[in-house]
Amino acid sequence: MKTVEELNQLRTKARNKMEMRLDDGHDYFVVVAMGTAGIAAGARNVLLKLVEKVHELKINALVTQDGQIEVTGQEPLVKIVDSTGNQVIYKKVDVAMAEEIIAKHLQNNQVIEEYLLQEGQ
Amino acid sequence: MERIQVVVCAGTGCTIGNSGELIEKFKEEIKHAGLENEISVKKTGCLGLCGVGPNVAVYPDNIIYKTVSVDDIKEIVTEHFLKGRPVQRKMLNDVKDGKVLDINHSSFYAKQKRIALNNCGVIDPENIEEYIAKDGYQALAKVLTSMSKQEVIDEVLASGLRGRGGGGFPAGKKWQFAHDQQEKQKYVICNADEGDPGAFMDRSILEGNPHSVIEAMAIAAYAIGANYGYIYIRAEYPIAVQRLEVAIDQAREHGLLGDDIFGSGFDFDLEIRLGAGAFVCGEETALIRSIEGHRGMPQPKPPFPAVSGVWGKPTIINNVETYANIAQIILKGSAWFASIGTPASTGTKVFALGGKIKNTGLVEVPMGTTLREVIYDIGGGCPNGKEFKAVQTGGPSGGCLTKEHLDTPIGFDELLSLGSMMGSGGMIVLDEDNCMVDVARFYLDFIVDESCGKCTPCRIGTKRLYELLESITKGEGTQETIDELLNLSQVIKDTSLCGLGQTAPNPVLSTLRLFADEYQAHIEDKKCPAGVCKELLSYIIDPELCRKCGLCAKQCPVGAISGELGKTAFVIDQEKCIKCGQCVKACHFKAIERR
Ligand SMILES: Cc1cc2nc3c(=O)[nH]c(=O)nc-3n(C[C@H](O)[C@H](O)[C@H](O)COP(=O)(O)O)c2cc1C
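Residues numbered from 1 in each chain as written. Chains lettered and ligands numbered in written order. Predicted model: local features only at pLDDT ≥ 70, side-chain atom pairs only at ≥ 80, totals over all residues. Heavy atoms only, no water.

(A) Spatial organisation of the overall build of chain A. Counting secondary structure elements, chain A contains four helices and four strands. In chain A, the order of α-helices and β-strands from amino to carboxyl end is α-β-α-α-β-β-β-α. Summarising its shape, the C-alpha atoms of chain A cover approximately 60 × 25 × 25 Å along the three principal directions. Taken across its 121 residues, chain A has 48% of its residues classed as buried. Across chain A, every contact between residues at least 6 apart in sequence was considered, and the portion connecting residues at least 24 apart equals 62%. (Helix = DSSP H or I, 4+ residues; strand = E, 2+ residues; numbered from the N terminus. Buried < 20%, exposed > 50% of the residue type's maximum accessible area, 1.4 Å probe, protein only. Contact = heavy atoms within 4.5 Å.)

In structure tokens, the structure reads:
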């Protein structure tokens, strides 16, 4: 390379491959409850869809997994925490709902009330 | 699409702990679980907790696993990676109310700040792109495209950065001297000899983030007007050497070493010179002789290397850790760096914690952190409930600090004023079972081996010092021995040619000052209070407690114990006894006492 632009281009490209190891802050943390019940209900496909979309749409969010978020019969559960610590949990999420959550909640900061796990459910 | 990245420590310690095989096993199990498109495994540098290696870090969860063995991997893959349930029994992270806490809140990491070790344990050291992703070579780009030589030097001066190789000389000043020389040909050298017993900071930086040193050397070369560099590293560091070779090749391929870097007209390249592992070759003038192909022996100063160094040309020589701070000073600014630490000792310091300490490993703390915080909060204190006695800093050139000094903030001048020194960052913790006369003897033994023999005070004087100490440990010392130790120490300090001899008496003087009573016990009572000096020990069987079982006699390797089974108490023949202590271990009734 001979220019700073080339260095910056390589940096951008390289950052894409190691986003999860950079120390930048995130707008959202997306946590998918895996565990046996979650996986049986299809949580793996939901997780993979979320990872794929966040990456594809370059959303500043970190997708991780957890064993169990809540005890319910409503898996797959997806918890979304914003940078101020506010959190909501979506219940019975499938792949299509995952895409909708991305589009509405993560891209437009719009909580989808009807999918929420209600208190005490 | 990737959702987890696993990085396995491939530093020297964890490599010995078999981390290479872990990487293969992780890949195998991940494939077996059908997760190979979702999870990648890479090697990385030191994560710090060498005592519980191999360490494995998992992102994005930021979980570190300790003492990972091949047998743990299946469980980690299926439980954690597949089902999202981290394997708690192997985790370094603290757990509170069932929640896994961020690793940076764990007691080991909470008080640390990683500048020189930044990226160690995060990036793959053999992949230049990972360094570039973390702003690697941005500082070099900034310097070459927007800063004058003097601006670079002024920035380093303003940062207050002092040499991390031991002396604490301001890096910017050294650069200024070399810059001001009117020679056309100049050189930069990185001192990676690291000969202090127990020190492994520099090795870990080179193993974990070699590009940070290469980039800084290029910046230094630009600042002083050099275009060639040498990294002098001991051949005993094969992993660091290999990572450096890979890094240099990659930097050349990317045009970050070579001619006309960033189209600025600045040329720079460097090569590795392997040392044979002599302590004296860490001394800058001896190191320069060694690079030139001569026997590594020190030269009188002046002239200083900044005036006449390698091949007689102006040369700056800096330590690995000193260089590892440079790129961040350029990128984040001298004010940022100077705001960390204390006014006279800015920034952070990496320490290799060893000896009688729970958390053996590599730590980096802001200057001004107290010894207590490092030894107790981060290091976890002495293991097995033993009492802390002293901490040795500065290696063979340094000295000891005791309980009273624990609240001293760490800084170059603070440690010097207490009769020790920062040194390169070895910190060896001693507990009640260490004999301080023996500790001084250990360092002198090392010095006698490592003295190059060029000047008489060091060659012969340190040998005599060693013999005096040895006579004390054998119970042959008198008050005169102490006087002679003090006298000779002063002469060696005053008349030796280089820093090796000039500082060699420090461990003696420091222990004499702080532990005079222990020396007296050896001399007057012919006793070693810590029970280390064998000649001053005796093992005695208490006839009241002896059950006449003869187990001790069976274990004695020299047949020094006799008695009649079941009839008479057993007795140790003091003439024959070699004080190995096997009998004490063999006795079930605590009938044998060490005095
Ligand atoms: C006996 C002896 C051994 C030394 N060993 C080292 C060493 O292993 N590494 C090092 O960086 N400096 C060592 N030094 C200090 C160097 O001479 C020199 O001061 C240092 O490399 C300068 O770099 P700095 O200003 O960045 O600390 C040693 C000095 C002496 C007297």
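(B) Highlighting the overall build of chain B. Scanning chain B from terminus to terminus reveals 24 helices and 20 strands. A globule of 595 residues ought to have a C-alpha radius of gyration of about 25 Å, and chain B, at 27 Å, matches this closely. Counting only C-alpha atoms and orienting by the principal axes, one finds that chain B spans roughly 90 × 65 × 40 Å. When the 595 residues of chain B are sorted by exposure, 58% land in the buried category. (Rg over C-alpha atoms; globule rule 2.2 N^0.38 Å.)

(C) The arrangement of the sheet that holds strand S10 (residues 266-275) of chain B in detail. Residues and elements named next belong to chain B. Strand order in the open sheet formed by five strands is S9-S10-S8-S7-S11, with mixed pairing between adjacent strands. Edge positions in the sheet fall to strand S9 (258-261) and strand S11 (315-319), since each has one partner strand and no second. Averaged over all pairs of adjacent strands, the angle between strand axes in this sheet comes to 25 degrees, irrespective of strand direction. Pairing between strand S7 (residues 187-192) and S11: five bridges, direction parallel. Bridge assignment links Tyr-187 to a residue of S11, and that residue is Thr-315. (Pairing = 2+ DSSP bridges. Axes fitted to C-alpha atoms, helices over the stretch in contact; angles between N-to-C directions.)

(D) Region of the structure containing the site of the ligand. All names here are of chain B. Neighbouring the ligand are 18 residues; Gly-165, Glu-194, Asn-318, Asn-319 and Thr-322 lie closest to it. Contacts to the ligand include Asn-191, whose side-chain N or O atom sits 2.9 Å from an oxygen atom. Coverage of the ligand by the protein amounts to 88% of the 610 Å² it exposes when considered alone. Mapped by element, the contributors of at least two residues to the shell around the ligand are S11 and helix H20 (499-503). Looking at side-chain class alone, the shell around the ligand contains three nonpolar, nine polar and six charged residues. (Near = heavy atom within 4 Å. Polar contact = N/O pair within 3.5 Å; in protein donor to acceptor, adjacent residues only side chain to side chain. Areas by Shrake-Rupley, 256 points an atom, 1.4 Å probe, with all protein chains shown as cover. Nonpolar A, V, L, I, M, F, W, Y, C, P; charged D, E, K, R; others polar.)

(E) Seen up close, the nonpolar core. Core analysis: the biggest nonpolar cluster contains 117 residues, and Tyr137(B), Trp175(B), Val188(B) and Phe268(B) have the highest contact counts within it. The leading source of residues in this core is helix H10 (residues 210-224) of chain B, at 11 residues. Beyond its immediate chain neighbours, meaning those up to four positions away, Trp175(B) contacts Val152(B), Ile153(B), Val156(B), Ala220(B), Ala223(B), Ile224(B), Ile316(B), Asn318(B) and Ile326(B). Counting 26 residues, the second-largest nonpolar core is a separate cluster that includes Leu50(A), Ala61(A), Leu106(A) and Tyr115(A). (Core = buried A, V, L, I, M, F, W, Y, C linked by side-chain atoms within 4.5 Å.)

(F) Up close: the sheet that holds strand S4 (residues 87-90) of chain A. Residues and elements named next belong to chain A. Spatial strand order, S2-S1-S3-S4: four strands in an open sheet with mixed pairing. This sheet does not close on itself; its edge strands, each paired only once, are strand S2 (61-66) and S4. This sheet shows a mean twist of 20 degrees between the axes of neighbouring strands, independent of strand direction. Here strand S3 (residues 78-82) pairs with S4 via four bridges, running antiparallel. In the sheet register, Ile-80 faces S4, and the bridge partner there is Val-88.

(G) Quick peek at the interface of chain B and chain A. On the side of chain A, 33 residues touch chain B, which itself brings 39 residues to the contact. In total, about 3,000 Å² of surface goes out of reach between chain B and chain A, with carbon and sulfur atoms giving 58% of it. Our enumeration of links across chain B and chain A arrives at five salt bridges. With its nearest N and O atoms 3.9 Å apart, the salt bridge here joins Glu129(B) to Lys13(A). For the pair chain B and chain A, the number of links is 18 residue pairs in polar contact (both at pLDDT 80 or more). At the level of secondary structure, the elements contributing two or more residues to the side of chain B that touches chain A comprise strand S1 (4-9), helix H3 (73-82), helix H5 (128-133), helix H6 (138-146) and S9 of chain B. Taken together, the residues of the side of chain B that touches chain A break down into 16 nonpolar, nine polar and 14 charged. (Buried area = accessible area lost by both parts, 1.4 Å probe. Salt bridge = Lys/Arg side-chain N within 4 Å of Asp/Glu carboxyl O.)

(H) Geometry of the pattern of salt bridges. Counting across every chain of the model gives 46 salt bridges over all chains. With its nearest N and O atoms 2.8 Å apart, the salt bridge here joins Arg234(B) to Glu236(B). One salt bridge connects Glu321(B) with Lys349(B), and the closest N-O pair in it is separated by 2.6 Å. Taken as a pair, Glu321(B) in helix H13 (residues 320-332) and Lys349(B) in strand S12 (residues 348-355) lie far apart in primary sequence, 28 residues in all. Comparing Glu321(B) with Lys349(B) shows no difference in burial state: the two are buried. A single network of salt bridges, built from pairs that share partners, joins Lys49(A), Glu52(A), Lys53(A), Glu56(A) and Glu99(A).

(I) Structural view of the packing of helix H18 (residues 456-473) of chain B against helix H22 (residues 516-523) of chain B. Residue and element names in this part refer to chain B. Direction vectors running N to C along H18 and H22 enclose 65 degrees, while the axes themselves pass 8 Å from each other. The pairing of H18 with H22 is recorded here as roughly perpendicular in orientation. For the pair H18 and H22, contact is made by Leu-469, Ile-472 and Thr-473 and by Tyr-519, His-522 and Ile-523, respectively. Within the contact of H18 with H22, the residues separate by chemical class into four nonpolar, two polar and no charged. (Parallel < 35°, antiparallel > 145°, perpendicular 65-115°, else oblique.)

(J) Geometry of the packing of H10(B) against helix H11 (residues 238-253) of chain B. Residues and elements named next belong to chain B. Across the interface, H10 lies against H11 with an axial gap of 9 Å and an inter-helix angle of 55 degrees. By the angle class used here, H10 and H11 are oblique. Where H10 crosses over H11, the handedness of that crossing is right-handed. Taken together, the residues of H11 that come into contact with H10 (itself represented by Pro-210, His-211 and Ile-214) are Arg-243, Leu-244, Ala-247, Ile-248, Gln-250 and Ala-251. Of the residues assigned to the contact of H10 with H11, the class counts are six nonpolar, two polar and one charged. (Left-handed = near helix turned anticlockwise from the far one by under 90°.)

(K) Seen up close, the pairing of S12(B). All names here are of chain B. Counted residue by residue, S12 has seven buried out of eight residues, so it is predominantly covered. Note that S12 and strand S16 (residues 426-431) share four bridges and pair parallel. Considered in S16, the bridge of Gly-354 is made with Ile-428.

(L) Looking closely at unusual backbone geometry. A cis amide bond, omega -10 degrees, links Glu75(A) with the succeeding residue Pro76(A). Within the secondary structure, Pro76(A) sits in the loop between S2 and S3. One non-glycine residue with positive phi stands out, namely Asn18(B), at about 80 degrees. Within the element layout of this structure, Asn18(B) appears in the loop between helix H1 (12-16) and helix H2 (19-32). Despite not being glycine, Thr67(B) shows a phi value in the positive range, around 35 degrees. As for its position among the elements, Thr67(B) is in the loop between strand S4 (63-65) and H3.

The quantities given are spatial measurements derived from coordinates; they are silent on function.
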